[in-house]
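Structural overview
Chain by chain, the residues:
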Amino acid sequence: MPTLPRAPELLAPAGSLQMMRTAFAYGADAVYAGQPRYSLRVRNNSFGKLEALAEGIAEARAGGKAFYLVSNILPHNTKVRSFLADMEPVIALKPDALIMADPGLIMMVRERWPEVDVHLSVQANTTNYAAVRFWASVGIKRVILSRELSLDEIEDIRQTCPDMELEVFVHGALCVAYSGRCLLSGYFNHRDPNQGTCTNSCRWDYKAHEAQEDGSGDLHRCGTTAATGDTTADVAPGIALGGGPRHAAGERVFLLEEGTRPGQLMPIEEDEHGTYILNSKDLRAVEHIERLVAIGVDSLKIEGRTKSPYYVARATQGYRRAIDDALAGRPFDTRLLGELEGLANRGYTDGFYQRHHTPDHQNYLRGHSESGRSLLVGEVLGIDASSGLADVEVKNGFGLGDRLEFIQPHGNIIAVLEHLEDAERQPLARIPGAGRRVRLPLPAGTRTDAPCFVARLL
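What you see is a predicted model; the values in this text were computed from it and never measured. (Residues numbered from 1 in each chain as written. Predicted model: local features only at pLDDT ≥ 70, side-chain atom pairs only at ≥ 80, totals over all residues. Heavy atoms only, no water.)

**Thoughts on the overall build of the protein chain**
Convention followed: Under the DSSP-based scheme used, a helix requires at least four consecutive residues in state H or I and a strand at least two consecutive residues in state E, with every element numbered from the N terminus. Throughout this description, buried means an accessible area under 20% of the type-specific maximum (1.4 Å probe, protein chains only), exposed means over 50%, and partly exposed covers the range between. Contacts: residue pairs with any heavy atoms within 4.5 Å of one another. Per-residue and other accessible areas were derived by the Shrake-Rupley procedure at a 1.4 Å probe size, with only the shown protein chains allowed to occlude residues.
From N to C terminus, the protein chain includes 11 helices and 23 strands. Within the protein chain, buried positions represent 50% of all 458 residues. In the protein chain, the share of contacts with a sequence separation of at least 24, taken over all contacts with a separation of at least 6, comes to 67%. Accessible area for the protein chain stands at about 21,300 Å²; split by element, carbon and sulfur atoms hold 51% of it.

**A few points about the sheet that holds strand 15 (residues 374-383)**
Note the threshold: Each pair of strands is called paired provided DSSP finds at least two bridges between the two strands.
In space, the 7 strands of this open sheet follow the order 19-18-23-15-16-22-20, with antiparallel pairing throughout. The sheet is open, and its two edges are formed by strand 19 (411-416) and strand 20 (421-422), each paired on a single side. Of the pairings in the sheet, the one linking strand 15 to strand 16 (residues 390-394) comprises 5 bridges and is antiparallel in character. Along strand 16, the bridge assignment pairs Ile-383 with Ala-390.

**Re the nonpolar core**
Filter applied, for reference: Among buried residues, those of type Ala, Val, Leu, Ile, Met, Phe, Trp, Tyr and Cys that are joined through side-chain atoms within 4.5 Å constitute a nonpolar core.
Grouped together as the largest cluster of nonpolar side chains are 92 residues, with contacts concentrated most on Val-170, Ile-289 and Leu-292. In terms of residues, this core owes the most to one element, helix 9 (residues 309-328), which gives 9 residues. For Val-170, the residues in contact, after removing those within four places along its chain, are Leu-283, Arg-284, Ala-285, Ile-289, Leu-292, Leu-300, Lys-301, Ile-302, Tyr-319 and Tyr-353. Of all hydrophobic cores here, the second largest spans 16 residues; its members include Val-392, Phe-398, Leu-428 and Val-454.

**Let's talk about the confidence of the model for the protein chain**
Stated formally: Values of pLDDT, ranging from 0 to 100, describe the predictor's confidence in every residue of the model.
Looking at the protein chain, the pLDDT average stands at 84 and 78% of residues meet or exceed 70. Within the model, the stretch residues 224-247 combines pLDDT values under 50 with 42 contacts to residues more than four positions away or in other chains. Throughout residues 270-276 the model reports pLDDT below 50, and contacts reaching past four residues in sequence, or to other chains, amount to 7 contacts.

**Focus on the pattern of salt bridges**
What counts, and what does not: Here, a salt bridge means any Lys or Arg side-chain nitrogen found within 4 Å of an Asp or Glu carboxyl oxygen.
On inspection of all chains with the given rule, the structure shows 29 salt bridges. Linking Glu-88 and Arg-112 is a salt bridge whose minimum nitrogen-to-oxygen distance equals 3.1 Å. Highlighted residues: Glu-88 in helix 3 (residues 77-92) and Arg-112 in helix 4 (residues 103-112), separated in sequence by 24 residues. Of the residues examined, Glu-88 reaches a relative accessible area of 39% and is grouped as partly exposed. Residues Asp-324 and Arg-320 are paired through a salt bridge, measuring 3.3 Å at the closest nitrogen-oxygen approach. Of the two residues, Asp-324 and Arg-320 both sit in helix 9, 4 residues apart, roughly one turn of that helix. Where salt bridges share partners, they join Glu-9, Asp-117, Lys-141, Arg-142, Glu-165, Glu-167 and Lys-301 into one cluster.

**Some thoughts on helix 1 (residues 17-25)**
Here helix 1 has its buried residues at Leu-17, Met-19, Met-20, Thr-22, Ala-23 and Phe-24. Structurally, helix 1 contributes buried residues whose contacts are with strand 1 (9-13), strand 2 (30-34), helix 2 (50-62), strand 3 (66-71), helix 9 and strand 23 (453-457). One or two steps after helix 1, the chain reaches Gly-27, where phi turns positive at roughly 120°.

**As for the side chain of Arg-284**
So the rule is basically this: A 3.5 Å cut-off defines polar contacts: any pair of N or O atoms within that distance qualifies, except that in protein one atom must be a possible hydrogen donor and the other a possible acceptor, and neighbouring residues in sequence count only when both atoms are side-chain atoms.
If you trace the backbone, Arg-284 turns up in strand 12 (residues 282-284). In terms of polar contacts, Arg-284 uses its side chain to reach the backbone carbonyl oxygen of Leu-337, at 3.4 Å.

**Describing unusual backbone geometry**
The phi torsion at Lys-94 lies on the positive side, around 60°, for a residue other than glycine. Relative to the elements of secondary structure, Lys-94 occurs in the loop between helix 3 and strand 4 (97-100). Backbone geometry at Arg-425 places phi at a positive 70°, although glycine is not the residue there. Within the element layout of this structure, Arg-425 appears in the loop between strand 20 and strand 21 (430-433). On the accessibility criterion, Arg-425 (46% relative accessible area) is partly exposed.

**Focus on the packing of aromatic side chains**
Our working definition: Think of it this way: a Phe, Tyr or Trp ring, Trp meaning its six-membered ring, pairs with another when their centres are within 6.5 Å, and the plane angle makes it stacked under 30 degrees, edge-to-face over 60, tilted otherwise. Two thresholds decide whether a charge sits over a ring: the Lys NZ or Arg CZ must be within 6 Å of the ring centre and within 35 degrees of the ring normal.
Applying the stated criterion to the full structure yields 5 aromatic pairs. Plain terms: the ring middles of Phe-47 and Phe-67 are 5.6 Å apart, the flat faces sit at 80° to each other, and that makes the pair edge-to-face. Here the residue Phe-47 occupies a position in the loop between strand 2 and helix 2, and Phe-67 occupies one in strand 3, the gap between them amounting to 20 residues. Both residues of the pair, Phe-47 and Phe-67, count as buried. Feature note: the residues Tyr-26, Tyr-310 and Phe-453 constitute an aromatic cluster, connected by ring pairs. Lying across the ring of Phe-169, Arg-147 places its NZ or CZ 4.0 Å from the centre. Positioned over the ring face of Tyr-311 is Lys-307, at 4.2 Å from the centre of the ring.

**What about the environment of Val-116?**
Among the structural elements, Val-116 can be located in the loop between helix 4 and strand 5 (118-120). Residue Val-116 is classed as buried on the basis of its relative accessible area, which comes to 11%. The residues contacting Val-116, other than those within four sequence positions of it, are Ile-91, Leu-98 and Arg-110.

In structure tokens, the structure reads:
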């Protein structure tokens, strides 16, 4: 009788208590949340208050779920000096593990609190089995592998290191830097991504201008002439490289201009591998869940602590279904591609999991992604006792005749909207956009004791 694969943990992001509760309701086994001072998510993080952190950990434990605390900053000396004192009350709350990256902080935790489980953050860029063995030797319980690994490389590490827990990312934003080690935000506006204050500079609006290099090594926008000894509007400010030419004949060099900083030109270079400063697509690896389950990866992680509860609900629900199907031996449900397409995204990629896609494979993904797409239009806040209608906070426009999907933890229901009214019980044909509340009937089978998001099928 063949051995059944073990069930991996589905790990979801939690930037707030509401996100945590949503993640658990829609199928997550565990969540991860960060301390603003010591993680890479300072903004949109309600767990900076110890009371909120205590409430989250207690709720997770009571529900048989896991709560991991992210302390994966790469700190400078000031934060190292305050780390142990700041962590003392946090450790007392007994999170299920700390997610860490800095070897010095890991050593301090292992010395002060040897009973605390430590998971190695993706920030540590673990790409091979030798590194996994090293981290096992210093007491790390789980390694979150680098995003730059292929499925075959992950399987090799799994087979070579059978006793180490392995975790991988399967969905969410990707950095253009190597697993998040980026300097763009610090370069542009002195907010260091590696200290938790990233402004997502890689996703700003850029224009690229081809440049030419003069005999002294300075770069100028093509079609302009540099005034000898001067910096003019046509010469990139701060791009006087000097010291003679640095680029081989025929090598292409570009200057970037960011949308809100006209005239401030920044040099980038393009080689045979591409140009790395520009926006990355988002990761979506739901079609690889079956393989990751078969490999024996212990935890599958969704990125997005700064995203909305709807994002967490829809992503968690989709990956929960994919995992359950893989464990039951059912084939991959291609409808999941379209359902995840309904989340805000910058276009999807499966990252480095499969390096060389065929055109047929790309067409297959594109075709299924374009079907079953939806748009979040509302969140059910409660039920009006007198009318039985749902009170809905509007997120996007919708109206009579639209096919709506009511998204709940136990399953989704599709129904055509036949009645809509405003808060004063006046009938509406359509609500144009966010910022208002409306009332509408829930379809049969909708549970009033469970969270419910409403999406319009496109």
